[in-house]
Amino acid sequence: MKITRITTAECQIPLRTPFKTALRTVDSVHDLLVRVETDTGAVGYGEAPPTAVITGDTLGSIRTAVEEFIAPTLTGLDVQELDTVMNRLDRCILKNTSAKAAVDMAVYDLFAQSCGRPLYKVLGGAKGELRTDLTISVNPVPVMVADAKAAVDAGFDILKIKVGKEGLADVERLKAIRAAVGPGVRLRVDANQGWQAKQAVRIITALEDAGVDPELVEQPVPAHDLDGLAYVTARVSTPVLADESVFSPADALTLLQRHAADMINIKLMKTGGIWQALKICAAAEVYGVPCMMGCMLESKLAVTAAVHLAAARSVITCIDLDGPSLCKTDPFTGGPVFEGPVIRMTDAPGLGITGVPGFGEV
């Protein structure tokens, strides 16, 4: 099954409500789609969101990386020689992790199709059903409370609360949300690098003392501040999840060796795809550190690849894969079934996505 052609197309999907974090505000998913064709007629698909404030990737840089560097490098290679393909993909261009991720997931899609099995089973997994949280964007407190209550009414019992813009005022914000949704809903707090280390300890300790009982706090300090991350982790009871601090397996190993966080958030757009993400899973397993499977602001196509990895690895103990739930429409055919917080796997080979707009299928 040799690669004969790699092409791209754009996809734009409006969001149900604006997505607001400490770093940015976004009204729609505007991503680059990738299609990898083979000499057998089989095709694989991938997707990359331009998340410049985190990965440094823009829509233009992703397209250029795929069309001018990755496609010429991989054309003619055999998908079933997976290690060779992935090594060439990794080395053909520096960084550009989002572009690599889109092609990586398309190649894994094809590889699993060649095995006649769903990707998560090819990777050794057996989880047939997963449960995701839902993100509550940064807004005035009454709006966030209303959004949290609406999410619970829709069946979500795990909420990811975006904070990090107002320091200690975030304590009152989270107290109000906890009072509104009650003790049975799990709250994950994501500061998106919005606090400094000592400030983070004060805020998290205040949340603990107030009975907010967060399940975890994600990336409380700037990504480069591993000393600060370790400082916070050592001084609070709430588990600390590293996100932007970990892109590569090397980043993960450094963090694990320093005991700088209690958990690692794996995102395919940071790692450059499934191939490198599997290495982070392996390192986390050695150190006994659980992982979250997360995503950027992605539609169902890219999230599907993340779902397959999450279903395949027991070290991934929680997921934040709510991208499809945030989108107004789903333009794709096939793939896992998203029903509110529940994601159900299917037996379709590969990723299971069979119709992708922009390439003539739908």
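This write-up is about the structure you can find in this document. (Residues numbered from 1 in each chain as written. Predicted model: local features only at pLDDT ≥ 70, side-chain atom pairs only at ≥ 80, totals over all residues. Heavy atoms only, no water.)

Time to look at the overall build of the protein. Per the secondary structure count, the protein includes 13 helices and 16 strands. Rg of the C-alpha trace for the protein: 20 Å, near the compact-globule value of 21 Å for 362 residues, within the 12% margin. In the protein, which comprises 362 residues, the share counted as buried stands at 60%. By sequence separation, contacts in the protein at least 24 residues apart represent 72% of the contacts at least 6 residues apart. Side chains of the protein give 35 positive and 43 negative charges; the mean places of these two sets differ by 2 Å. (Helix = DSSP H or I, 4+ residues; strand = E, 2+ residues; numbered from the N terminus. Rg over C-alpha atoms; globule rule 2.2 N^0.38 Å. Buried < 20%, exposed > 50% of the residue type's maximum accessible area, 1.4 Å probe, protein only. Contact = heavy atoms within 4.5 Å. Lys, Arg positive; Asp, Glu negative; His and termini not counted. Charge placed at Lys NZ, Arg CZ, Asp CG, Glu CD.)

The next thing to look at is the nonpolar core. Within the largest apolar cluster, 132 residues are counted, with the highest numbers of intra-cluster contacts made by Leu159, Leu268 and Met293. Top element by residues in this core is helix H3 (residues 97–115). It accounts for 11 residues. Those residues in contact with Leu159, other than ones at most four positions away along the chain, are Asp133, Leu134, Ile136, Ala148, Ala151, Val152, Val181, Val185, Arg186, Leu187 and Arg188. Membership of the second largest hydrophobic core comes to five residues, among which are Leu216, Leu241, Met292 and Cys318. (Core = buried A, V, L, I, M, F, W, Y, C linked by side-chain atoms within 4.5 Å.)

Below, the discussion takes up the packing of helix H1 (residues 59–74) against H3. The interhelical angle for the contact between H1 and H3, taken along N-to-C directions, is 50 degrees, at an axis separation of 9 Å. One element, H1, and the other, H3, form an angle in the oblique class. With respect to the hand of their crossing, H1 and H3 are arranged in right-handed fashion. Two secondary-structure elements touch here, H1 through Ile62, Ala65, Val66, Ile70 and Leu74 and H3 through Ser98, Ala99, Lys100 and Val103. Among the residues making up the contact of H1 with H3, the classes are represented as seven nonpolar, one polar and one charged. (Axes fitted to C-alpha atoms, helices over the stretch in contact; angles between N-to-C directions. Parallel < 35°, antiparallel > 145°, perpendicular 65-115°, else oblique. Left-handed = near helix turned anticlockwise from the far one by under 90°. Nonpolar A, V, L, I, M, F, W, Y, C, P; charged D, E, K, R; others polar.)

Inspection of every chain in the model, using the stated rule, returns one aromatic pair. Relative to Phe359, the ring of Tyr45 lies with its centre 6.0 Å away and its plane at 45 degrees, an arrangement referred to as tilted. In this pair, Tyr45 is assigned in strand S3 (residues 43–48) and Phe359 in the segment after strand S16 (353–355), connecting sequence segments 314 residues apart. The class for Tyr45 is buried, based on a relative accessible area of 2%. Directly above the aromatic system of Trp275 lies the positively charged group of Lys279, at a separation of 3.7 Å from the ring centroid. (Phe/Tyr/Trp six-rings, centres within 6.5 Å; stacked < 30°, edge-to-face > 60°. Lys NZ or Arg CZ within 6 Å of the ring centre and 35° of its normal.)

Turning to the layout of surface pockets, a few remarks are in order. Computed from the structure, the largest pocket encloses a volume of approximately 620 Å³. Arg16, Leu134, Phe156, Ser325 and Leu326 are, among the 30 residues lining the largest pocket, the residues nearest its centre. Contributing elements (two or more residues each) for the lining of the largest pocket: strand S1 (3–20), strand S5 (134–136), helix H5 (141–153), helix H13 (323–326) and strand S14 (337–339). A per-element tally of the lining of the largest pocket places S1 first, with six residues. Partitioning the lining of the largest pocket into residue classes produces 16 nonpolar, eight polar and six charged. (1 Å grid on protein atoms, 1.4 Å probe; cavity = no way out; pocket = protein on both sides within 12 Å on 5 of 7 lines; lining within 4 Å. Points joined across faces, edges and corners; volume = space filled by probe spheres on them.)

Turning our attention to the sheet that holds strand S4 (residues 129–131). Taken together, the three strands give an open sheet; going across it, the order is S4-S15-S14, and neighbouring strands pair in antiparallel fashion. Two strands lie at the open edges of the sheet, namely S4 and S14, each paired on one side alone. Looking at each pair of strands side by side, their axes are set apart by 20 degrees on average, direction ignored. Bridging between S4 and strand S15 (residues 342–344) involves three bridges; their strand directions are antiparallel. What sits directly across from Leu130, in S15, is Ile343. (Pairing = 2+ DSSP bridges.)

Looking now at the pairing of strand S12 (residues 316–319). Both strand S11 (residues 291–293) and S12 contribute to a ladder of three bridges, which runs parallel. Counterpart to Met292 in the pairing with S12 is Cys318. Read as a crossover between parallel neighbours, the route from S11 over helix H12 (residues 300–312) to S12 is right-handed. (Right-handed = clockwise from strand over helix to strand, strands pointing away.)

In this section: empty space enclosed by the protein. Applying the stated criterion to the full structure yields one cavity of 30 Å³ or more. If you go around the largest cavity, you meet 17 residues; those closest to its centre are Phe19, Arg24, Lys162, Lys267 and Cys295. The set of elements that each furnish at least two residues to the lining of the largest cavity consists of strand S6 (158–162) and H13. For the lining of the largest cavity, the residue count by class is seven nonpolar, four polar and six charged.

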